[in-house]
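What the coordinates show
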Amino acid sequence: MLDKAHRLNKHGSFTYVYRNGKRFAEPDLVLIFTPARNVRVGFSVSNKVGKAVVRNKVKRRLRASVQNRMSALCGCQAVIAANPSAAGKDYATLDGEIEKLFKRAGLVR
């Protein structure tokens, strides 16, 4: 679980990142981020991905992947949005896509 200090959870914070952020996409995930002092990450998994059980499974996998990379991330506010195709992917696939997104965005130290 991400520490409370590293969570992006207010509606206004998500809106700010969506409006002002840069976007990078992979087949199953989209990364939207803005520079900031601290690392804060939020997750967006819509109803199109599946029912609650499936959405929660995808969010758990995304959170675990990001938590493993927290020490290597530069300061940013980021939202990771899952596409409907993410529902059928395993942890290794989603983890690889997150790694690619962070590298392309230049957020890894």
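Report follows, based on the coordinates.

Points about the environment of D28
- In this structure, D28 sits in the loop between β1 (22-25) and β2 (29-35).
- For the pair D28 and L8, spaced 20 residues apart in the sequence, the C-alpha separation amounts to 21 Å.
- Setting aside chain neighbours within four positions, we find D28 in contact with A81, A82, N83, S85, A86, K89, T93, L94 and E97.
- Side-chain polar atoms of D28 contact the side chain of S85, separated by 2.5 Å.

Quick word on the pattern of salt bridges
- With the rule as written, the count across this model stands at 4 salt bridges.
- Across the salt bridge formed by E26 and R104, the nearest N and O atoms sit 3.0 Å from each other. Of the two residues, E26 is situated in the loop between β1 and β2 and R104 in helix α3 (residues 91-105); the sequence distance between them amounts to 78 residues.
- What makes E26 buried here is its relative accessible area of 15%.
- Of the charged contacts in the structure, one is a salt bridge between D95 and R69, with a shortest N-O distance of 2.6 Å. A residue pair is termed long-range when its members are at least 10 positions apart, and D95 in helix α3 and R69 in helix α2 (residues 52-69) qualify at 26 residues.

The rules behind these values
- Residues numbered from 1 in each chain as written.
- Predicted model: local features only at pLDDT ≥ 70, side-chain atom pairs only at ≥ 80, totals over all residues.
- Heavy atoms only, no water.
- Helix = DSSP H or I, 4+ residues; strand = E, 2+ residues; numbered from the N terminus.
- Contact = heavy atoms within 4.5 Å.
- Polar contact = N/O pair within 3.5 Å; in protein donor to acceptor, adjacent residues only side chain to side chain.
- Salt bridge = Lys/Arg side-chain N within 4 Å of Asp/Glu carboxyl O.
- Buried < 20%, exposed > 50% of the residue type's maximum accessible area, 1.4 Å probe, protein only.

That is the geometry; function is a separate question.
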